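Summary of the model geometry
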Amino acid sequence: MDGNNMNELRELVEFLKANGIAEFDVERTDLKMRIKFAGEPAVASAGLDLSQLSRLMASAPAAAGAPAVAAAPAAAATPIAEVQEALHEVKSPIVGTFYESPSPGAPAFVKVGDVVEVGQVLCIIEAMKLMNEIESDVAGEVVKRIASSGQPVEYGQPLFSIRAS
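Residues numbered from 1 in each chain as written. Predicted model: local features only at pLDDT ≥ 70, side-chain atom pairs only at ≥ 80, totals over all residues. Heavy atoms only, no water.

1. Considering the overall build of the protein chain
When helices and strands are counted, the protein chain shows 2 helices and 12 strands. Helices and strands appear in the protein chain in the N-to-C order α-β-β-α-β-β-β-β-β-β-β-β-β-β. Relative to its full complement of 165 residues, the protein chain shows a buried share of 32%. By sequence separation, contacts in the protein chain at least 24 residues apart represent 62% of the contacts at least 6 residues apart. (Helix = DSSP H or I, 4+ residues; strand = E, 2+ residues; numbered from the N terminus. Buried < 20%, exposed > 50% of the residue type's maximum accessible area, 1.4 Å probe, protein only. Contact = heavy atoms within 4.5 Å.)

Below, the structure written as structure tokens:
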């Protein structure tokens, strides 16, 4: 994250503090940001300038694809702000049983930290005695395996989180 984006993020945090906003979330296709201040919940002031907030949000997440950043507190009483990057979730297309490997005792198709390509097999979901290979729909790094091997999964349930490249 370059200096301009860091300054814009600081400006956003100061705006939220000045207006007594205790928690703030924004989600876009390229960025997910959550700012939550520690301590007592504050009551938003009646004179909140939403046009200023809109201007800040238009410029603050300008670092699309930038790594996640945690705003460092300047003093002990300074609120904690965290920025989370948006991760792509591979979801189950069917109801069935999740398996991370092709057979018991075999190595998993992918593990956390592996780089995957579009179309690469991530897991198998067994439905009605049929083994359905679930392929990655994005290229990137596997950040988290959400489902557990041998456990039932529902339609639309997240299976993996992938940091798209």
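Next comes the rest of the description.
2. Let's talk about the sheet that holds strand S9 (residues 130–135)
Reading across from one edge, S9-S8-S6-S11 is the order of the 4 strands in this open sheet, with antiparallel pairing throughout. Pairing within the sheet leaves two strands with one partner each, and these edge strands are S9 and strand S11 (152–153). The sheet contact formed by strand S6 (residues 96–99) and S11 spans 2 bridges and is antiparallel. Along S11, the bridge assignment pairs Gly-96 with Val-153. (Pairing = 2+ DSSP bridges.)

3. So, the packing of aromatic side chains
One pass over the full model with this rule turns up 1 aromatic pair. Each ring, one from Phe-98 and one from Phe-160, has its centre 6.0 Å from the other, and the planes form 50°; the classification is tilted. Taken as a pair, Phe-98 in strand S6 and Phe-160 in strand S12 (residues 158–164) lie far apart in primary sequence, 62 residues in all. Across the pair, exposure class does not vary: Phe-98 and Phe-160 are buried alike. (Phe/Tyr/Trp six-rings, centres within 6.5 Å; stacked < 30°, edge-to-face > 60°.)

4. Focus: unusual backbone geometry
With the exception of glycine, the majority of residues adopt a negative phi angle, and the majority of peptide bonds are in the trans configuration. Look at Met-128: it is not a glycine, yet its phi comes out positive at around 55°. Of note, Met-128 is situated in the loop between strand S8 (121–127) and S9. One non-glycine residue, Lys-129, adopts positive backbone phi at about 65°. A relative accessible area of 72% means that Lys-129 is categorised as exposed.

5. Overview of the nonpolar core
Core analysis: the largest hydrophobic core is formed by 15 residues, its most contacted members being Phe-98, Leu-122, Leu-159 and Phe-160. Elements that contribute at least two residues to this core include exactly S8 and S12. Those residues in contact with Phe-160, other than ones at most four positions away along the chain, are His-88, Glu-89, Val-90, Phe-98, Val-110, Leu-122, Cys-123, Val-142, Lys-144, Arg-145 and Ile-146. Counting residues in hydrophobic clusters, the runner-up holds 11 residues, among them Leu-16, Phe-24, Met-33 and Phe-37. (Core = buried A, V, L, I, M, F, W, Y, C linked by side-chain atoms within 4.5 Å.)

6. Things to note about the sheet that holds strand S5 (residues 88–91)
As summarised here, the arrangement of the 4 strands in space is S5-S12-S10-S7, forming an open sheet in which the pairing is antiparallel. Unpaired on one side and paired on the other, S5 and strand S7 (115–116) mark the two borders of the sheet. Taken together, the 2 bridges between S7 and strand S10 (residues 140–145) define a ladder with antiparallel strand orientation. Looking across to S10, one finds that Val-116 is bridged to Gly-140.

7. Notes on the environment of Pro-107
Following the sequence through the fold, Pro-107 ends up in the loop between S6 and S7. Not counting the four nearest positions on each side in its chain, Pro-107 is found in contact with Ser-101 and Pro-102.

8. A look at the pattern of salt bridges
Taken as a whole and judged by the stated rule, the model has 3 salt bridges. Here Asp-114 and Lys-111 are joined by a salt bridge, their closest N and O atoms 3.6 Å apart. Where Arg-163 meets Glu-141, a salt bridge forms, and the shortest distance between an N and an O atom there is 3.0 Å. One end of the pair, Arg-163, is in strand S12; the other, Glu-141, is in strand S10, and 22 residues separate them in sequence. (Salt bridge = Lys/Arg side-chain N within 4 Å of Asp/Glu carboxyl O.)

9. Points about the pairing of S12
One ladder, built from 4 bridges, connects S5 with S12; its direction is antiparallel. Directly across from Lys-91, in S12, lies its bridge partner Pro-158.

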